[in-house]
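Examining the three-dimensional arrangement
For reference, the chains in residue letters:
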Amino acid sequence: MIETDIEIINKLGLHARAAAKLVSTAAPFQSSIRLGRGERMIDAKSIMALLMLGAGKGSTLRLAIDGVDEAAAHAAVLALINNRLAEAE
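Conventions and cut-offs
- Residues numbered from 1 in each chain as written.
- Predicted model: local features only at pLDDT ≥ 70, side-chain atom pairs only at ≥ 80, totals over all residues.
- Heavy atoms only, no water.
- Buried < 20%, exposed > 50% of the residue type's maximum accessible area, 1.4 Å probe, protein only.
- Helix = DSSP H or I, 4+ residues; strand = E, 2+ residues; numbered from the N terminus.
- Arc of directions from axis to C-beta.
- Pairing = 2+ DSSP bridges.
- Axes fitted to C-alpha atoms, helices over the stretch in contact; angles between N-to-C directions.
- Contact = heavy atoms within 4.5 Å.
- Polar contact = N/O pair within 3.5 Å; in protein donor to acceptor, adjacent residues only side chain to side chain.

**Topic: helix H1 (residues 16-26)**
- Within the sequence span of H1, burial applies to Ala18, Ala19, Leu22, Val23, Thr25 and Ala26. The arc that holds the buried residues of H1, viewed along the axis, is 160°, so those residues lie on one side.

Structure, rendered in structure tokens:
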């Protein structure tokens, strides 16, 4: 299992378009990919769950990935978030 704290740095936070990009990045991986705060961890492959997190700019979230392709999934999700969820600033 890989766990990392990440900060949402894009201007609008985890809104619908950004959440859709995250789901499309996470979905191909077999590993369980979870995101959240404290005890509230959600499935990062679910757009509704991501939207309900209410993660705005500056939010720090815990990313937890567990499975056979966890290293590749971690790299892909981390790269997307660190690239401002592929949004122009």
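Back to the text.
**With respect to the sheet that holds strand E4 (residues 60-66)**
- If you walk across this open sheet you meet the four strands as E1-E4-E2-E3, and the pairing is antiparallel. Of all the strands in the sheet, just strand E1 (2-7) and strand E3 (40-43) have a single pairing partner and so form its edges. Taken pair by pair, the neighbouring strands of this sheet meet at an average axis angle of 25°, ignoring direction.
- Together, E1, strand E2 (32-37) and E4 form the strand contacts of helix H3 (residues 70-82), whose direction differs from that of E1 by roughly 0°.

**So, the side chain of histidine 74**
- Within the fold, histidine 74 resides in helix H3.
- Looking at histidine 74, the relative accessible area reads 14%, which means it is buried.
- Within the local environment of histidine 74, its side chain forms a polar contact with the side chain of threonine 4, the two groups lying 2.7 Å apart.

**Some words on unusual backbone geometry**
- Backbone geometry at arginine 84 places phi at a positive 60°, although glycine is not the residue there.
- Note on placement: arginine 84 falls in the segment after H3.
- Judged by relative accessible area, which is 33%, arginine 84 ranks as partly exposed.
- With a phi angle near 55°, leucine 85 is a residue other than glycine that sits in the positive phi range.
- Positionally, leucine 85 belongs in the segment after H3.

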